[in-house]
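Structure assessment
As a plain string of letters, each chain reads:
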Amino acid sequence: MKPKALIFDLAGTVLTETRWDLRAGAGVLYDALRADGPPPREAFVDSCAETLDDLRYRRIASCLEVPIQARMRLAFAKFGIEPGRSFKDLETVFYAASATYEPEPGIGAALDDAARRGLPLAVLSNNGWSGRLLEEELDRFSLLGKFRFVISTADWGVRKPDPIIFRAAAGRL
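Residues numbered from 1 in each chain as written. Predicted model: local features only at pLDDT ≥ 70, side-chain atom pairs only at ≥ 80, totals over all residues. Heavy atoms only, no water.

1. Some words on the overall build of the protein chain
Rules: Helix numbers and strand numbers start at the N terminus; a helix is a DSSP run of H or I with at least 4 residues, a strand a run of E with at least 2. Burial classes: relative accessible area under 20% of the type maximum marks a residue as buried, over 50% as exposed, and values in between as partly exposed (1.4 Å probe, protein chains only). In this description, contact between two residues means that some pair of their heavy atoms is separated by no more than 4.5 Å. All accessibility values rest on the Shrake-Rupley procedure with a 1.4 Å probe; residue burial counts only the protein chains present in the view.
The secondary structure content of the protein chain amounts to eight helices and seven strands. Within the protein chain, buried positions represent 43% of all 173 residues. For the protein chain, contacts bridging at least 24 residues in sequence account for 72% of all contacts bridging at least 6. Of the roughly 8,900 Å² of accessible surface on the protein chain, 53% is carried by carbon and sulfur atoms.

2. Re the pattern of salt bridges
Heads up, the condition is: Basic side-chain nitrogens of Lys or Arg form a salt bridge, by our definition, when they fall within 4 Å of a carboxyl oxygen of Asp or Glu.
One pass over the structure, following the stated rule, counts 14 salt bridges. Salt bridges sharing common partners tie together Arg-23, Glu-42 and Asp-46.

3. Digging into the environment of Phe-8
Among the secondary structure elements, Phe-8 is positioned in strand 1 (residues 6–8). On the basis of relative accessible area, Phe-8 is assigned to the buried category, the value being 14%. With 51 residues separating them in the primary sequence, Phe-8 and Arg-59 have C-alpha atoms 21 Å apart. Not counting residues up to four positions away in its chain, the partners in contact with Phe-8 are Thr-13, Val-14, Ile-107, Leu-111, Leu-121, Ala-122, Val-123, Leu-124 and Phe-147.

4. Some words on the packing of aromatic side chains
Rule in force here: When the centres of two rings from Phe, Tyr and Trp lie within 6.5 Å, Trp using its six-membered ring, the rings pair. Their planes under 30 degrees apart give stacked, over 60 give edge-to-face, and anything left gives tilted. Put simply, a charge is over a ring when the Lys NZ or the Arg CZ is close to the ring centre, within 6 Å, and near the line of the ring normal, within 35 degrees.
All chains considered together, the criterion is met by 10 aromatic pairs. Between Tyr-30 and Phe-44, the ring centres sit 5.6 Å apart and the planes meet at 55°, which makes this aromatic pair tilted. With Tyr-30 in helix 1 (residues 22–31) and Phe-44 in helix 2 (residues 41–62), this residue pair connects regions lying 14 residues apart in the sequence. We note that Tyr-30, like Phe-44, is buried. Over the ring of Phe-87 we find Arg-73, and its NZ or CZ is 4.3 Å from the ring centre.

5. Notes on the layout of surface pockets
Quick reminder of the rule: As defined here, a cavity is a set of points on a 1 Å grid over the protein atoms alone where a 1.4 Å probe fits but cannot get out. A pocket is an open set with protein on both sides within 12 Å along at least five of seven lines, and residues line them when an atom is within 4 Å of a point. Grid points are joined across faces, edges and corners, and a volume is the space filled by probe spheres set on the points. Side-chain classes are defined by residue name, with Ala, Val, Leu, Ile, Met, Phe, Trp, Tyr, Cys and Pro counting as nonpolar, Asp, Glu, Lys and Arg as charged, and the others, Gly among them, as polar.
Empty space within the largest pocket amounts to approximately 410 Å³. Glu-17, Arg-56, Arg-59, Asn-127 and Trp-129 are, among the 19 residues lining the largest pocket, the residues nearest its centre. For the lining of the largest pocket, the element with the highest residue contribution is helix 2, accounting for five residues. Residue composition of the lining of the largest pocket, grouped by class: eight nonpolar, four polar and seven charged.

6. Comments concerning the sheet that holds strand 6 (residues 121–125)
This is how the line gets drawn: At least two DSSP bridges between two strands are needed for those strands to be called paired. Angles run from 0 to 180 degrees between N-to-C directions of axes, and those axes are lines fitted to C-alpha atoms, restricted for helices to the stretch in contact.
The sheet built from three strands is open, its strands ordered 1-6-7 with parallel pairing. The sheet is open, and its two borders are formed by strand 1 and strand 7 (149–152), each paired with just one other strand. Sheet twist, expressed as the mean angle between neighbouring strand axes with direction ignored, is 25°. The pairing of strand 6 with strand 7 spans four bridges and is classified as parallel. Opposite Leu-124, over in strand 7, you have Ile-151 as the bridge partner. The strands touched by helix 6 (residues 131–140) are strand 6 and strand 7; relative to strand 7, the strand with the most contacts, the crossing angle is about 135°.

See below:
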């Protein structure tokens, strides 16, 4: 049976994560603090990294996604402080400080071959980053235009392998 469309995972399929540094991301969050008498930098970075990492395991076990923006909000609230920027902006600087991706070898040719065969393509990623950030990353490598859409589970609240997120992606295709 010929496939009607292809849904790709992002990490390890389209892009390879070449760097993940949670503490570097937590450090840029600290730099965004607007508070009287903020906590010591190391205490904030440790606590933030612990909160972000702890929720990572819970979301995997539950198949429910906790977006990075929500995890950051919890990390700040733990100290009773507000950042000096929006959580959308903080997600962008946190991402830039903590994660680096590169295209998987041969992915461009594979996507072009699928397009020549008339197959609609999409990305469905278990990811705490917003779809906006994932799209920007794909666009950086001139890959975004090859996909009809990108779904980040951060925007939908449900992670793979829950069938509901696959049905949503298939319905969109």
